[in-house]
Amino acid sequence: MKIEIIIIKLYSNIIKFAEKILLLLGFQLETAVRYLKLFNKIKHKMIERVIRRDTRDIIESIESKKAHTVAAKKKRPKEYITDRVWVMWWQNEIPPIIQFNITKMRHTFGNRLVVINKLNYRDYLEIDDEMLKIINSNSISLTFLSDYIRTGLLFNYGGLWVDSTMYITDLYSDEKFMGEKKFFTSYGESWYANKFVPSGRWTGYFMGGTKNQLYFKLANEIIRYYLLNAKKMPDYFVIDYALNIAYEDNIGSFKDSVNQLNPINQNVLQLSQLMNQKFDEMKWQQLQNNSFAFKLTYKKKYVSQVGEEQTFFGYLYGDLSIDTRSDE
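Residues numbered from 1 in each chain as written. Predicted model: local features only at pLDDT ≥ 70, side-chain atom pairs only at ≥ 80, totals over all residues. Heavy atoms only, no water.

Undergrad: Requested: an account of the overall build of the protein chain, with residues and values cited.
TA: Within the protein chain, the regular secondary structure consists of 13 helices and eleven strands. With the C-alpha coordinates aligned to their principal axes, the bounding extent of the protein chain is approximately 60 × 50 × 40 Å. Here the protein chain holds 328 residues, and 52% of them are scored as buried. Restricting to contacts in the protein chain with at least 6 residues of sequence separation, those with at least 24 account for 77%. Accessible area for the protein chain stands at about 16300 Å²; split by element, carbon and sulfur atoms hold 52% of it. Charge separation in the protein chain, taken as the distance between the mean sites of 46 positive and 37 negative side-chain charges, equals 4 Å. (Helix = DSSP H or I, 4+ residues; strand = E, 2+ residues; numbered from the N terminus. Buried < 20%, exposed > 50% of the residue type's maximum accessible area, 1.4 Å probe, protein only. Contact = heavy atoms within 4.5 Å. Areas by Shrake-Rupley, 256 points an atom, 1.4 Å probe, with all protein chains shown as cover. Lys, Arg positive; Asp, Glu negative; His and termini not counted. Charge placed at Lys NZ, Arg CZ, Asp CG, Glu CD.)

Here's what the structure looks like:
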């Protein structure tokens with residue numbers, strides 16, 4: 001591991017430690033992150049500089065392409081359409097919460113929903129031998145594998161990517177979320193300032209667009225580079241830094257597309273903080289103001305009740321009290 005990567009990881013850990021200290025001192029998360037804004041900005045610059053250096057040839061190659069390219073020829077389903085909705089679950093055993101989410105997605109998206117798994121992903125993507133060897137070795141993180149697959153699918157087919165831990169409400173509509181846009185995503189969730197490099201401009205776990213967009217191609221090839229060179233990986237969220245490079249360089253008019261977005265689904269991260277709290281109808285209605293999809297986490301244990309009181313989790317999932325830490 002290069003000394004530069006070690007420095008980045010050390011610096012990132014210092015920021016995390018500082019955030020924990022501020023929280024222990026009684027500061028709200030939003031306030032703590034705001035105080036660390038400058039430090040996070042420096043971290044993002046450090047990481048992006050490494051990625052740009054490592055993948056300079058990839059960036060230059062894609063920047064030289066025309067705005068609209070032809071996808072690589074590959075076997076596609078006869079019912080191929082550009083508005084597919086993609087969700088992925090890789091492991092053999094599907095936890096109840098994931099089953100619930102996917103069932104609800106089927107209710108919302110119908111036959112457009114494609115569940116990607118280890119048995120069918122090659123029906124949709126051509127994977128070269130070098131990459132296939134890495135995937136079959138089971139030596140890579142499922143998160144990075146998911147990033148690689150999602151960007152490949154979105155480039156070649158277009159459509160919408162939804163993480164399996166997303167709760168989609170009945171308020172979702174294509175017309176409101178996608179419209180005529182060539183790129184669509186949750187936009188405007190900026191309460192955490194710049195803790196993460198997108199700063200509310202996009203969310204990799206709920207985004208999509210039309211096919212053949214060069215920013216998806218760029219992200220896919222950068223992720224592939226780091227999957228094949230894991231020791232050089234400078235950060236967990238490579239996909240977001242790749243998209244940020246596309247934004248800064250306006251690759252495929254990505255900056256233009258993002259800047260034309262209006263706030264939508266901006267409460268995407270708010271529900272996860274309430275899941276084990278007593279259900280409050282008014283709060284739930286407030287959360288759904290312009291929001292219809294919510295990202296949950298596998299790092300917490302959700303329960304249906306606290307004492308005799310039903311929680312938000314209980315209201316949404318019924319009596320499905322499970323430990324979600326086994327999720328994707």
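Text resumes after the structure shown.
Undergrad: Explain the pattern of salt bridges residue by residue, including any values.
TA: Considering all chains together, one arrives at 17 salt bridges under this definition. Lysine 45 is paired through a salt bridge with glutamate 248; the nearest N and O atoms lie 4.0 Å apart. Pair noted here: lysine 45 is in helix 3 (residues 37–54) and glutamate 248 is in helix 10 (residues 238–249), with a separation of 203 residues, a long-range link. One connected set of salt bridges, linked through shared partners, spans Lys45, Glu48, Arg52, Glu248 and Asp249. (Salt bridge = Lys/Arg side-chain N within 4 Å of Asp/Glu carboxyl O.)

Undergrad: Pulling in residues and values, what's your account of the side chain of serine 272?
TA: By the element assignment, serine 272 lies in the loop between helix 11 (254–259) and helix 12 (281–287). You can call serine 272 buried: its relative accessible area is 14%. Each residue touching serine 272, except ones within four places of it in the same chain, is listed here: Lys295, Leu296, Lys300 and Tyr302.

Undergrad: Mind laying out the packing of helix 6 (residues 129–136) against helix 9 (residues 214–228), listing which residues take part and the relevant values?
TA: Here helix 6 crosses helix 9 at 60 degrees, and the two axes come no closer than 10 Å. Judged by the angle between their axes, helix 6 and helix 9 are oblique. Our pair here, helix 6 against helix 9, has a crossing hand that is left-handed. Between helix 6 and helix 9, the contacting residues are Glu130, Met131 and Ile134 on the first element and Arg224, Leu227 and Leu228 on the second. The residue makeup of the contact of helix 6 with helix 9, split by class, is four nonpolar, no polar and two charged. (Axes fitted to C-alpha atoms, helices over the stretch in contact; angles between N-to-C directions. Parallel < 35°, antiparallel > 145°, perpendicular 65-115°, else oblique. Left-handed = near helix turned anticlockwise from the far one by under 90°. Nonpolar A, V, L, I, M, F, W, Y, C, P; charged D, E, K, R; others polar.)

Undergrad: So what's going on with the pairing of strand 1 (residues 85–88)? Which residues, and what values?
TA: Alternating residues of strand 1 divide into Val85 and Val87 and Trp86 and Met88, and every residue in both groups is buried. Bridge analysis of strand 1 against strand 2 (residues 113–116) gives four bridges, and the strand direction is parallel. Bridge pairing in strand 2 places methionine 88 opposite isoleucine 116. Assessed by its sense of winding, the connection that carries the chain from strand 1 through helix 5 (residues 96–109) to strand 2 is right-handed. Note that strand 1 and strand 3 (residues 159–162) share two bridges and pair parallel. (Pairing = 2+ DSSP bridges. Right-handed = clockwise from strand over helix to strand, strands pointing away.)

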